[in-house]
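# Architecture and fold: a report
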Amino acid sequence: EMAKLLLAHMDHPHPRVRYTALHALGQMANDQAPHFQDAWHKTVMPVLLQKMDDPIDRVASMAMSAFVSFGEELENALMIQYASGFMNKLVGRLQTSKHRMVQEESITSIAVI
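Residues numbered from 1 in each chain as written. Predicted model: local features only at pLDDT ≥ 70, side-chain atom pairs only at ≥ 80, totals over all residues. Heavy atoms only, no water.

With 16 residues, helix α4 (residues 57-72) should cover 22 Å at 1.5 Å per step; its first-to-last C-alpha distance of 22 Å lies within 8% of that length. With 12 of 16 residues buried, α4 is to be regarded as a mostly interior element. Restricting attention to buried positions, one finds in α4 the residues Val59, Ala60, Ser61, Met62, Ala63, Met64, Ala66, Phe67, Val68, Ser69, Phe70 and Gly71. (Helix = DSSP H or I, 4+ residues; strand = E, 2+ residues; numbered from the N terminus. Expected span 1.5 Å × (residues − 1). Buried < 20%, exposed > 50% of the residue type's maximum accessible area, 1.4 Å probe, protein only.)

This next bit is on the packing of aromatic side chains. Here the structure, examined in full by the defined rule, presents three aromatic pairs. A ring pair is formed by Phe36 and Trp40, whose centres lie 6.3 Å apart and whose planes are at 35°; its orientation type is tilted. Of this pair, Phe36 and Trp40 both sit in helix α3 (residues 35-51), four residues apart, roughly one helical turn. Residues Phe36 and Trp40 agree in their burial class; the two are buried. With 4.5 Å between their ring centres and 15° between their planes, Phe67 and Phe86 make a pair best called stacked. (Phe/Tyr/Trp six-rings, centres within 6.5 Å; stacked < 30°, edge-to-face > 60°.)

Let us now look at unusual backbone geometry. With omega at -5°, the peptide bond leading from Ala33 into Pro34 counts as cis. Locating Pro34 in the fold gives a position in the loop between α2 (15-31) and α3.

Mapping Ala21 onto the fold places it in helix α2. Considering only alpha carbons, one finds Ala21 and Ala33, 12 residues apart in sequence, at a separation of 18 Å.

What follows deals with α3. With 17 residues, α3 ought to run about 24 Å at 1.5 Å a step, and its terminal C-alpha atoms sit 23 Å apart, in line with that. Where α3 bends most, at His41, the angle is about 80°. Listed in full, the buried residues belonging to α3 are Phe36, Gln37, Trp40, His41, Val44, Met45, Val47, Leu48 and Lys51. Buried-residue contacts for α3 involve α1 (2-8), α2, α4 and α5 (76-96). (Bend = angle between axes of the 7 residues up to and from the residue. Contact = heavy atoms within 4.5 Å.)

Attention shifts here to the nonpolar core. Judged by nonpolar contacts, the single largest core of 32 residues is most densely connected at Phe36, Val44, Met45, Leu48, Phe67, Phe70 and Phe86. When contributions to this core are tallied by element, the ones reaching two or more residues are α1, α2, α3, α4, α5 and α6 (100-112). Per element, the largest residue contribution to this core is eight residues, and it comes from α4. Excluding residues within four positions of it along the chain, Val44 makes contact with Leu7, Leu25, Phe36 and Phe70. (Core = buried A, V, L, I, M, F, W, Y, C linked by side-chain atoms within 4.5 Å.)

Dropping the structure here:
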């Protein structure tokens, strides 16, 4: 399955591979909503949270973008389970990052929660 393939590349050593895997995951979240969210939230949400701390800012911002795509169609009852961890991470990134894309995606991601 495509989701398994993408998730297998989230820790790839090359940042372009991680970036592209996150981009494709966000696209799947848009194209297959809400079934993808219902079936994969337990696996995908922790990965997105982890990738928001990627050492490459562009990859971290793509993790936030994928979160926006995934989270927009996630049921509120499920989002509540993850809200605290994501809010802490996103506010921290917003306060500490100087990278414009990270700042913008942090704000957009907070709005999804």
